[in-house]
Each structure stands twice: as C-alpha cells, then as structure tokens.
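Chain by chain, the residues:
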Amino acid sequence: MSTIRENLERVKTRMAAAAQRSARPIEQIKLLAVSKTIAAERILEAYEAGQRHFAENRVQELCAKTTVLPENINWHLIGHLQQNKVRAALQSNAIIHSVDSMKLLQRIKRIAEELQSKATVLLEVNISGEDSKFGLDPEQVEPLLEICQEGAVKCLGLMTIAPYQAEEKELHRIFAALRELRDQLQQNCGLSLPELSMGMSGDFEAAIAEGATMLRIGSAIFGERTQ
Ligand SMILES: *Cc1c(COP(=O)(O)O)cnc(C)c1O
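Residues numbered from 1 in each chain as written. Predicted model: local features only at pLDDT ≥ 70, side-chain atom pairs only at ≥ 80, totals over all residues. Heavy atoms only, no water.

**Student:** What is the right way to look at the overall build of the protein chain in this model?
**Tutor:** Within the protein chain, the regular secondary structure consists of nine helices and eight strands. Taking 17 Å as the expected radius of gyration for a compact globule of 227 residues, we find that the protein chain reaches 17 Å, a close match to that expectation. Each principal axis of the C-alpha atoms in the protein chain carries an extent, and together these give about 45 × 40 × 30 Å. Buried positions account for 50% of the 227 residues belonging to the protein chain. On the protein chain, the mean spot of the 27 positive side-chain charges and the mean spot of the 30 negative ones are 3 Å from each other. (Helix = DSSP H or I, 4+ residues; strand = E, 2+ residues; numbered from the N terminus. Rg over C-alpha atoms; globule rule 2.2 N^0.38 Å. Buried < 20%, exposed > 50% of the residue type's maximum accessible area, 1.4 Å probe, protein only. Lys, Arg positive; Asp, Glu negative; His and termini not counted. Charge placed at Lys NZ, Arg CZ, Asp CG, Glu CD.)

Below, the structure is given as structure tokens:
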C-alpha cells in the first residue's frame with residue numbers, strides 16, 4: 001500500500017503534467033485534500049508532507065478536526081450546508097464552497113455581521129442539471145453575487161461537481177461551462193471571481209484543462225473511503 005506522502009507526490013506530478021499540457025502556471029492551481037471520514041492522525045501525515053489546504057463536507061466533523069489539528073491549516077467546507085450550521089461553519093473560518101441558495105447566503109451574511117467577521121464563499125452551480133445534485137441553476141447565480149458586492153460576504157468564484165463517471169467529453173463540457181459562466185458573471189457584475197473549484201480524484205485533469213484553480217481530491221490521496 002502506498003503512503004499518503006507518495007500519493008500526494010503522485011497527484012502533484014499529474015497536476016503539473018496537466019497544467020503543462022494546457023500551458024497554465026501550476027501556481028494557479030491549489031490542491032485541497034478532501035479529508036472527510038479520515039482520522040486526524042492520517043490528516044497529520046499529509047500535513048507533515050507539506051499539505052496545508054484540507055476540505056471537509058460536514059460542519060461537525062470540520063469543527064472537531066480544527067480543534068485538534070495545527071492552526072495554520074486552511075480549511076474548506078465543500079458539503080451541503082444546513083441553515084442551522086451556519087454559525088458553527090463561520091466560527092471555523094473555513095472557506096465555504098457550497099453556497100447553493102439565496103436564503104443560505106443571506107443567513108451567512110447576517111451571522112457574519114453579527115460575529116463581526118467576514119465570510120469567504122464560492123457559489124455552487126449545478127451545471128450538469130442532475131436532479132440528485134445540490135447547487136444553483138446557472139441563471140440563478142447573478143442575484144446572489146449582488147449580495148456579495150459589499151459587506152460581510154466575499155465571493156471568490158464558483159464551484160461545481162461533475163457527474164460520477166461521466167465521459168471525458170462530457171467532463172470537459174461541464175467544466176468549460178462553469179468557466180464560461182464565471183467569465184460572463186465577471187463582466188455583468190464587474191466583480192473579480194478568480195476561483196473555479198472543480199475537479200476530484202477521477203476528473204481533475206479535465207478540470208485543469210478547463211481552468212480549475214481549486215481541486216478537491218480525496219481518495220487519490222487518502223485511499224478509497226470505507227464509509
Ligand atoms: C468527497 C468529495 C470530493 C472528493 O472526492 P474524491 O473522489 O475522493 O476525490 C470532492 N468534492 C466534494 C464536494 C466531495 O464531497
């Protein structure tokens with residue numbers, strides 16, 4: 001069995017090759033290690049190998065891990081966020097990738113103001129149109145960006161999840177559509193939206209080719225999850 005350190009190296013080598021094929025600077029592409037269900041000791045192994053960005057999909061698990069792991073980890077929340085977990089999510093200081101409704105965004109803004117903190121978010125878009133997925137329809141995104149123009153919420157960009165085991169062509173179509181939506185929204189709203197959170201263990205090379213800046217990679221680093 002290969003170690004977490006070796007897996008990280010392998011992923012980074014593949015990232016660098018994909019970036020080079022697209023003539024993109026590798027510095028533009030952040031690797032987020034998706035550590036959901038992974039025990040703190042194994043996360044620490046990745047940390048000791050130099051990894052600093054980690055992503056969780058549940059607020060409770062995120063908060064438990066932030067208290068026992070090094071303070072200089074950058075945390076990301078990538079799972080669906082329930083209204084009643086917003087306060088805890090903000091207190092964890094994680095970047096929230098999964099803002100998928102106006103109601104949720106308004107609540108994030110109100111609670112961030114109350115805490116006198118600043119929320120950093122991405123808006124999750126359901127590009128593939130699968131019923132099973134969370135996320136905004138592409139035409140729903142613009143009104144949410146208006147909420148982020150000022151005040152306690154800063155939007156860095158967009159996030160999407162491609163269908164599991166989609167064909168290569170379909171993956172490129174979905175990731176390119178997220179990038180094009182981002183480009184159009186930047187123009188319409190006069191905002192800077194530098195980040196595109198897209199690409200997982202099975203599809204990150206296609207995501208890099210289409211402009212991903214944040215890859216969310218779990219099993220290729222920590223091995224297959226058992227739960
Ligand atoms: C679990 C998860 C990932 C990572 O998936 P892998 O296939 O293990 O890389 C990425 N994004 C989201 C939203 C996830 O829930």
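**Student:** What am I meant to see in the site of the ligand here?
**Tutor:** Around the ligand sit Val 34, Lys 36, Ile 78, Ile 161, Met 200, Ser 201, Arg 216, Ile 217, Gly 218, Ser 219 and Arg 225, and those are all the residues in its vicinity. Taking Lys 36, its side chain carries an N or O atom lying 2.7 Å from an oxygen atom of the ligand. One of the backbone nitrogen or oxygen atoms of Gly 218 is found 2.8 Å away from an oxygen atom of the ligand. The protein chains hide 89% of the 380 Å² of surface that the ligand would expose on its own. (Near = heavy atom within 4 Å. Polar contact = N/O pair within 3.5 Å; in protein donor to acceptor, adjacent residues only side chain to side chain. Areas by Shrake-Rupley, 256 points an atom, 1.4 Å probe, with all protein chains shown as cover.)

**Student:** What is the right way to look at the pairing of strand β6 (residues 153-159) in this model?
**Tutor:** It is a general feature of regular strands that their side chains alternate between the two faces of the sheet. Judged by how many residues are buried, β6 sits mostly within the fold: six of seven residues are covered. A crossover links strand β5 (residues 119-124) with its parallel partner β6, the connecting element being helix α6 (residues 141-147), and its sense is right-handed. With three bridges connecting them, β6 and strand β7 (residues 195-197) associate as parallel partners. Considered in β7, the bridge of Met 159 is made with Ser 197. As for the winding sense of the linkage, the β-α-β connection from β6 through helix α7 (residues 168-189) to β7 is right-handed. (Right-handed = clockwise from strand over helix to strand, strands pointing away. Pairing = 2+ DSSP bridges.)

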